[in-house]
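Letter by letter, the chains look like this.
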Amino acid sequence: MVAAVVLALLLTAVGPAAAEVRDHTLTLDGPLCYGCVPRIHAALEGRPGVHRVKVDIERGAVSVSYDDDVTLPERLAEYLKAAGFPTNGRDPCRGWRRWVGRC
């Protein structure tokens, strides 16, 4: 009986497992400019589960740290598409960018 009470108290104190924060990079279709950066940030920041947004203009990519219990990379891509920045799902460091040293 005492062991059951102690176990229940320990489980209550620990609580549910913490969600994992993941990083994901989305490659954007088309060129980016410095004027795009605030619009990309506005499309993602403040969304449920989004912790950090970083835009790399040269690579045409957006890196997002997000809570995987709250959102998914597909949803992040939908937010960007709705703001006018469709993604193509490719590795941002492929093709010509790799050959010219842009990665």
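Look a little higher up for the structure.
Residues numbered from 1 in each chain as written. Predicted model: local features only at pLDDT ≥ 70, side-chain atom pairs only at ≥ 80, totals over all residues. Heavy atoms only, no water.

Undergrad: What's the story with helix H3 (residues 73-82) in this structure? I'm lost.
TA: Residues lying three or four places apart along an α-helix face the same way, a consequence of the helix completing one turn every 3.6 residues. Those residues of H3 lying buried are Pro-73, Leu-76, Ala-77, Tyr-79 and Leu-80. Axial view of H3: buried residues confined to an arc of 155 degrees, hence all on one face. Exposed and facing more than 90 degrees away from the buried side of H3 are Glu-74, Glu-78, Lys-81 and Ala-82. Along its buried surface, H3 packs onto strand E1 (21-27), helix H2 (36-44), strand E2 (50-56) and strand E3 (61-67). In the segment just after H3, Gly-84 is the residue with positive phi, at about 95 degrees. (Buried < 20%, exposed > 50% of the residue type's maximum accessible area, 1.4 Å probe, protein only. Helix = DSSP H or I, 4+ residues; strand = E, 2+ residues; numbered from the N terminus. Arc of directions from axis to C-beta. Contact = heavy atoms within 4.5 Å.)

Undergrad: Help me out: how do you make sense of the pattern of salt bridges in this one?
TA: Pairing is possible between side chains that carry opposite charge, provided their charged atoms lie close to one another. All told, the structure shown has four salt bridges when counted by the stated rule. For the salt bridge of Arg-22 with Glu-20, the shortest nitrogen-to-oxygen distance reads 3.7 Å. Beyond isolated ion pairs, a larger network of salt bridges with shared partners links Glu-20, Arg-22 and Asp-68. (Salt bridge = Lys/Arg side-chain N within 4 Å of Asp/Glu carboxyl O.)

By themselves, these observations are geometric and do not establish any function.
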